[in-house]
Amino acid sequence: MGELDPITREIIKNALATAGDEMAITLYRTAYSTIVRDCLDYSTQLTDADGNMIAQGVTIPLHIGSAPFAMKSLFEKFGDDIEPGDLFILNDPFDGGMHTPDIFIVRPIFWENERVAFAIATAHHLDVGGRVAGSSACDNTEIFQEGLRIPWLKLYRRGQPDASLFALLRANVRVPEMTLGDLQAQIAACMTGERHIHEIIGRYGLATFRECTRWLIDYTERILRAEIATWPDGQYSFTDYLDSDGVGGPPVRIQVTLTVKGDELTADFTGSSPQVRGAINSTLSYTASVTAACVRSLLGEELPNTAGMFRPLRIIAPEGTVVNVVMPGASSMRGVTGFRTVDTVFGALAQILPGRVMAAGEGGNTLVIFGGQRENRAPYVYYELLTGDWGGRPDRDGCDALCNPVNVASNIPIEEAECAYPIRIEHYGLARDSGGAGRFRGGLAVQRQWRLLSGEASLTIRSDRRDHPPYGLHGGLPGQPSINILYRDGEQTILPTFSSGSIRAGEQLYHRMPGGGGWGDPLDRLPEAVAHDVLNDKVSREAARVLYGVAVDEQCRVDEHETTRLREALRQQRTGAAATT
């Protein structure tokens, strides 16, 4: 057929994007668990008949690369045994998945008995069994501790549910009404995607639909290649660290070398730490997703999220390393490694595009899980994803209390937490002086404190950036490190960043996330901006003097004469220190 007219292309492109978003809204509105409904830990995608992504809902960017690996594995296992009415399920990290709590539901879409597309809904489930409530713990040491491992199976066959598989799921999870309810929400999302695909094909015809999806994928590739071609050729390396291996071991190294050659980009993670004992190992699919999300975030124009994103990218992640786990490595807490990989890739990209990359943010969502029994002995799993802050940016401060830029997640509202669980939130807010000083200040850290009201519960914490705080760029200072404190029997105990233990009624857990790193020299920050931060209790008057060289009086006004003196003294101190070195 001839080339599609641009109006039809634009309409179908937007219709596919809308379909992905409506799938996401369907899942959100019908989900049962707080981890999906409130924390927003899910994603939706559409692919063509061959499994190439053609749209993604406005959900977690880090899932952008999940479809290619999952669909490749699906085709290898089922080949042509894919029929109308089938629904497939997967969560096995070694069969195309990401980690056991993330369950994929995939529905093939047919038009007049011909397969034309797939709808995919992925959700992080509250519990899939395993040794601890929530199935995730940094001190899991093998995949078999992390709950049910589901290879690609048919959950529905020709429209009929597999009752035995549903029974198996119900018998092996702690909160079956939540798990099965969220599965049904995923199925509903896939049905929404199918309806939209049928509407598009019904209006424009199958040939036009296929031509447009091919064009969309090629268009994404063309735009990304054009962008990479403007970057200076060369190799750019960066290294960052996780505080430990998940079981109290040494720091874990994430290293990347980005090679720009023409219109292609290679990300080589050779040099990263070997696979570790704890559950922070990442799958290759997740490492690839992280890299693609970082590159995608730097594009200046709107770009369809399609399989074309991966054509100019080459990912090298040696098997048996922390960025490419092999059997039987644990990976339920691989999210923190993904976030540190984000910081590492951005650190390398900052050398390529220094005016477009922000300093390090909070280092990823903090995860806190309480698991116990209510007074009627009914089990519960309270799953909290704390979202934090951004690093300072090339032209403005980092954002406060906003999710990591490569994720879409939300804190559980206090009202929801206190109504649904034996939990009371004692404190929730921003921590003064926590953002790294810079010409543009890093975002302030979020802090939260929980009290368990009854019984005893298991307590799992996944945090980081205590020993390796978020880095600043171009002279900006690091953000304030994180901290975990357990209040028990009148005493305070500082817990590791990765922690598994228990908490009893009346005891409290306090967590402060790391602050974002600063961007640029703090002495270049406008004194009025520092005074404004003091007025809004984001920066103390003492920090204004010591870090920024700005004198702010009781009325939050700048003393210009004293500020000039302070800044000159700080510059002289730097010169003296540099000469001594």
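Remember, predicted model here, so these are calculated numbers, not experimental data.

Q: Go over the overall build of the protein chain, please, and point to the residues and values.
A: Within the protein chain, the secondary structure is distributed over 12 helices and 20 strands. Its C-alpha atoms give the protein chain a radius of gyration of 25 Å, near enough to 25 Å, the size a compact globule of 581 residues would have. Expressed along its principal axes, the backbone C-alpha trace of the protein chain runs to roughly 80 × 65 × 45 Å. A fraction of 72% describes how many contacts in the protein chain between residues 6 or more apart in sequence connect residues 24 or more apart. Carbon and sulfur atoms make up 50% of the accessible area of the protein chain, which amounts to about 22100 Å² in all. Mean positive and mean negative side-chain charge positions of the protein chain (55 and 73 charges, respectively) differ by 1 Å.

Q: Can you break down the packing of helix α7 (residues 284-297) against helix α8 (residues 334-352) residue by residue, with the values?
A: Orientation of α7 relative to α8, taken along the N-to-C sense of each, is 40°, at an axis distance of 9 Å. Judged on the interaxial angle alone, α8 and α7 are oblique. For the pair α7 and α8, the sense of crossing is right-handed. Between α7 and α8, the residues in contact are Y286, V290, T291, C294 and S297 and R334, G335, G338, T341, V342, V345, F346 and L349, respectively. Here the contact of α7 with α8 is built from residues that sort into seven nonpolar, five polar and one charged.

Q: Describe the nonpolar core, listing the residues and the values that go with them.
A: L16, L46, L349, F370 and Y382 are the most contacted members of the largest nonpolar core, which has 155 residues in total. The leading source of residues in this core is helix α6 (residues 206-229), at 10 residues. Residues contacting L16, with those up to four places away along its chain left out, are L46, I54, A55, I197, I200, F209, T213 and L216. Core analysis: the next-biggest nonpolar cluster, separate from the first, contains 10 residues, A531, V539, V550 and V552 among them.

Q: An account of the packing of helix α4 (residues 163-172) against helix α5 (residues 176-204) is requested, with residue identities and associated values reported.
A: Close contact between α4 and α5 brings their axes to 8 Å; oriented N to C, the two are set at 140°. Here α5 runs oblique to α4, going by the angle between their axes. The handedness of the crossing between α4 and α5 is right-handed. Where α4 approaches α5, its residues F166, L169 and R170 are matched on the opposing element by P176, L180, L183 and Q184. Grouping the constituent residues of the contact of α4 with α5 by class yields five nonpolar, one polar and one charged.

Q: Requested: an account of the sheet that holds strand β9 (residues 252-261), with residues and values cited.
A: One open sheet holds the four strands; their spatial order is β8-β9-β10-β11, and the pairing between them is mixed. Every other strand in the sheet has two partners, leaving β8 (234-242) and β11 (313-316) as the edge strands with one partner each. Neighbour-to-neighbour, the strand axes of this sheet turn through a mean angle of 15°, independent of strand direction. The pairing of strand β10 (residues 264-268) with β11 spans four bridges and is classified as parallel. Of the residues in β11, the one forming a bridge with L265 is L313. Lying on the sheet, α6 is in contact with β9, β10 and β11; it crosses β10 at an angle near 80°. In this fold α7 packs onto β10 and β11, with an angle of close to 140° to the strand it touches most, β11.

Q: Describe the sheet that holds strand β12 (residues 366-373), listing the residues and the values that go with them.
A: Strand order in the open sheet made by the four strands is β13-β12-β16-β19, with antiparallel pairing throughout. For this open sheet the edge positions go to β13 (379-386) and β19 (498-504), each flanked by a neighbour on one side alone. Adjacent strand axes in the sheet meet at a mean angle of 15°, parallel and antiparallel pairs treated alike.

Q: Can you lay out the pairing of strand β20 (residues 508-512) for me, pointing to particular residues and giving the numbers?
A: With respect to burial, β20 is a largely interior element, five of its five residues being buried. Burial along β20 is two-sided: the residues Q508, Y510 and R512 and L509 and H511 are all buried. Looking at chain direction, strand β15 (residues 446-452) and β20 are connected through five bridges and run antiparallel. Looking at β20, one finds that R451 is bridged to Q508. By the bridge criterion, five bridges tie strand β17 (residues 483-488) to β20 in an arrangement that is antiparallel. Its bridge partner being in β20, L486 is matched across the sheet by L509.

Q: Lay out the environment of I150 in plain terms, naming residues and giving numbers.
A: One can find I150 in the loop between β5 (114-124) and β6 (153-157). With 416 residues separating them along the chain, I150 and L566 place their C-alpha atoms 62 Å apart.

Q: Break down the pattern of salt bridges for me, citing the residues and quoting the values.
A: One pass over the full model with this rule turns up 46 salt bridges. Here R149 and D92 are joined by a salt bridge, their closest N and O atoms 2.9 Å apart. Taken together, the residues R149 in the loop between β5 and β6 and D92 in the loop between β3 (87-90) and β4 (102-111) connect sequence positions 57 residues apart. Through salt bridges with shared partners, a single network forms among D218, E221, R225, D263, E264 and R311.

Q: Go over the packing of aromatic side chains with me, naming the residues and quoting the values.
A: With the rule as written, the count across this model stands at 11 aromatic pairs. Between F440 and W519, the aromatic rings sit 6.4 Å apart at their centres with planes inclined by 45°, giving tilted as the arrangement. Of this pair, F440 sits in the loop between β14 (423-430) and β15 while W519 is found in the loop between β20 and α10 (527-535), placing the two residues 79 residues apart along the sequence. Pairwise contacts between aromatic rings join F370, Y380, Y382, Y421 and W450 into one cluster. Taking NZ or CZ as reference, R448 lies 4.3 Å from the ring centre of Y428, over its face.

Q: So what's going on with α5? Which residues, and what values?
A: Residues that lie three or four places apart on an α-helix share one face, since the helix turns once every 3.6 residues. The end-to-end C-alpha distance of α5 is 42 Å, a good match for the 42 Å that 29 residues give at a rise of 1.5 Å each. Following α5 by one or two positions, G205 has its phi on the positive side, about 95°.

Q: Can you break down the environment of I352 residue by residue, with the values?
A: For I352, the position within the fold is in helix α8. Sequence separation between I352 and L258 is 94 residues, and the spatial gap between their C-alpha atoms is 9.3 Å. In this structure, I352 is in contact with W231, P232, Y236, L258 and V260, ignoring residues within four places of it in sequence.

Reading guide: rules and limits
Residues numbered from 1 in each chain as written. Predicted model: local features only at pLDDT ≥ 70, side-chain atom pairs only at ≥ 80, totals over all residues. Heavy atoms only, no water. Helix = DSSP H or I, 4+ residues; strand = E, 2+ residues; numbered from the N terminus. Rg over C-alpha atoms; globule rule 2.2 N^0.38 Å. Contact = heavy atoms within 4.5 Å. Areas by Shrake-Rupley, 256 points an atom, 1.4 Å probe, with all protein chains shown as cover. Lys, Arg positive; Asp, Glu negative; His and termini not counted. Charge placed at Lys NZ, Arg CZ, Asp CG, Glu CD. Axes fitted to C-alpha atoms, helices over the stretch in contact; angles between N-to-C directions. Parallel < 35°, antiparallel > 145°, perpendicular 65-115°, else oblique. Left-handed = near helix turned anticlockwise from the far one by under 90°. Nonpolar A, V, L, I, M, F, W, Y, C, P; charged D, E, K, R; others polar. Core = buried A, V, L, I, M, F, W, Y, C linked by side-chain atoms within 4.5 Å. Buried < 20%, exposed > 50% of the residue type's maximum accessible area, 1.4 Å probe, protein only. Pairing = 2+ DSSP bridges. Salt bridge = Lys/Arg side-chain N within 4 Å of Asp/Glu carboxyl O. Phe/Tyr/Trp six-rings, centres within 6.5 Å; stacked < 30°, edge-to-face > 60°. Lys NZ or Arg CZ within 6 Å of the ring centre and 35° of its normal. Expected span 1.5 Å × (residues − 1).

Coordinates in, geometry out; function isn't part of it.
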